[in-house]
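Geometric and topological summary
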Amino acid sequence: MLRTSEQEASDFAPHHSNAMTRVCVGGIGVEIPEASISNEELVDSFNAWVDAENPNREARGLPPLAKSDAEFIEHASGIRQRHVYERDGILDPARMAPNIPARADDELSVMAEFGAAAARKALAHAGVEARDVDLVICASAHHQRPYPAIAIEIQKALGTSGAGFDMGLGCSSALAGLHVATNLVRSGAHRRVLVVTPELITAHLNFRDRQTHFIFGDASVAVLVEALGASEERPGRFEIVDTRSWTQFSNNIRTNFGFMSRLAQEDPSYLAMEGNLIKQNGNKVFKDVTIAGHKFIVDFLAEHGHTPETMRRFWLHQANARMNAMILKLAFGGEVGQDRAPTVLDRLGNTAAAGAIIALEETHRDMKPGEHGLLCAFGAGYSIGGALLRMM
Ligand code: COA
């Protein structure tokens, strides 16, 4: 049932009051593309390209390219398949990039469409009309363009009121968006904020790079952050107890793709462009983020009188199953199972900032009132974001 603006007027303190407002997750939406690619399919396409490329390299006196391996991918990352916006172009060894036709400026852009699909589901879950949302934040690791902000296009597509802006913080973008949204609602500046995270990563991924071609998948998520009455409890929804953001500069995950790329390239061909797509020193990221991530979790929880043991569930960033197991092992001092820290990356790949929210959406309905859980994402920047949630 939709809640009306009139009903709310009596439920909440007026805008811009000095009292700190309680905040909740009113609704969550997840949009996953239907098409998927298994490790075997991806590796077959990569290896076909290597077979075609190596004779040319040999003729130029270059060392041969090494092949990729499906077993390595699953063992190293835990990923078995990924869902993608478009699969034929990715699997075509002559292209190795999704076929996503350019759209005219007066058509809805792909990223806004993908974001709006998840946002509509979040609004339906919350039982809230678009016009009652007064801010849209498009918080994503990969933005299709600098301006006009994708959030404003989503605002138009949905018919939300107020304003919209984009922000990005690598794979911690959704958590950074939640951090901002929570504090804007808490302060009374906004009443309802939609944090939308469309991750169309395959468009930005270098499928000719053996180190990274298997990592990412596409997904879009949205979270509606709402004000909560002073003593209001909404069964089945989470109160956001607190949020936190941490960053420390690192070049170990980087993309240089942007308008400066053109100036530095002597050869503006597609191949030259590849050097500016996502690159990472995965092994270094693994070690650095594991150490920083477990410390962030323990310290953030301690500030609220919690320990890892008092969390019913952890919804961690979905990049690497071994990395999550290691973070939890350091935090708990022992192994932690799927029920405590569910994984979705085996079937979705790393969906950048969307991954932890997908885990949250899929695995919260069995939680009991009063139980707590921690959303925590980490990635490029380096960056880490956390949200401590209490089931109402
Ligand atoms: N197929 C087969 N072998 C491969 C391969 C592939 N696709 N990619 C790399 N290898 C090889 C390497 O060449 C290396 O071989 P060598 O030992 O003979 O030199 C070996 O596998 C190990 O490579 P390494 O890069 O150390 O692998 P890894 O165990 O660190 O796993 C990742 C790679 C990317 C899965 C892992 O480092 C990771 O997930 N890191 C964290 C990434 C992350 O969280 N990023 C955040 C993004 S949001």
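Reading the values: rules and limits
Residues numbered from 1 in each chain as written. Predicted model: local features only at pLDDT ≥ 70, side-chain atom pairs only at ≥ 80, totals over all residues. Heavy atoms only, no water. Helix = DSSP H or I, 4+ residues; strand = E, 2+ residues; numbered from the N terminus. Polar contact = N/O pair within 3.5 Å; in protein donor to acceptor, adjacent residues only side chain to side chain. Buried < 20%, exposed > 50% of the residue type's maximum accessible area, 1.4 Å probe, protein only. UniProt positions renumbered as here; feature names shortened; annotations may be inferred. Phe/Tyr/Trp six-rings, centres within 6.5 Å; stacked < 30°, edge-to-face > 60°. pLDDT = per-residue confidence, 0-100. Contact = heavy atoms within 4.5 Å.

Focus on the environment of K287
- Along the polypeptide, K287 turns up in helix α10 (residues 282-303).
- C-alpha separation for the pair K287 and I327, spaced 40 residues apart in sequence, amounts to 9.9 Å.
- Within the local environment of K287, its side chain forms a polar contact with the side chain of N283, the two groups lying 3.0 Å apart.

Describing unusual backbone geometry
- Cis geometry is found at the peptide bond from Y147 to P148, where omega equals -5°.
- Relative to the helices and strands, P148 resides in the loop between β4 (135-139) and α6 (150-158).
- Residue Y382 is bonded to the preceding G381 through a cis peptide linkage, with omega at -15°.
- For Y382, the location among the structural elements is in the loop between β12 (372-379) and β13 (383-391).
- The backbone of A352 sits at a positive phi, close to 50°, despite the residue not being glycine.
- Position of A352 relative to the elements: it lies in the loop between α12 (345-348) and α13 (355-362).
- Classification of A352 as buried rests on a relative accessible area of 0%.

Topic: the UniProt feature "domain: Beta-ketoacyl-[acyl-carrier-protein] synthase III C-terminal" (unreviewed entry) in the protein chain
- The UniProt entry lists residues 301-391 under the feature "domain: Beta-ketoacyl-[acyl-carrier-protein] synthase III C-terminal" (unreviewed entry), expressed in the numbering used here.
- Along residues 301-391 one finds 30% helix and 25% strand; the C-alpha atoms at either end are 16 Å apart.

Comments concerning the packing of aromatic side chains
- Scanning the model with the defined rule gives 6 aromatic pairs in all.
- Summarising the aromatic geometry, the rings of F72 and F214 are spaced 6.2 Å apart at their centres and angled 85° between planes, so their arrangement reads as edge-to-face. Placement of F72 in helix α3 (residues 70-77) and of F214 in the loop between β6 (192-199) and β7 (219-228) is noted, with a sequence separation of 142 residues between them.
- Taking relative accessible area as the criterion, F72 reaches 48% and is therefore assigned partly exposed.
- By relative accessible area, which is 7% here, F214 ends up buried.

Considerations on the confidence of the model for the protein chain
- Summarising the model, the protein chain shows a mean pLDDT of 93, and 93% of its residues fall at 70 or more.
- For the stretch residues 9-18, pLDDT sits under 50, and the model shows 14 contacts to residues farther than four places along the chain or on other chains.

A few points about the environment of L135
- For L135, the location among the structural elements is in strand β4.
- Take L135: its relative accessible area is 2%, and that puts it in the buried class.
- Considered as a pair, L135 and V193 are 58 residues apart in the sequence and their alpha carbons are 4.8 Å apart.
- Apart from residues no more than four positions distant in its own chain, L135 is found in contact with S161, A163, G164, F165, L184, H190, R192, V193 and L194.

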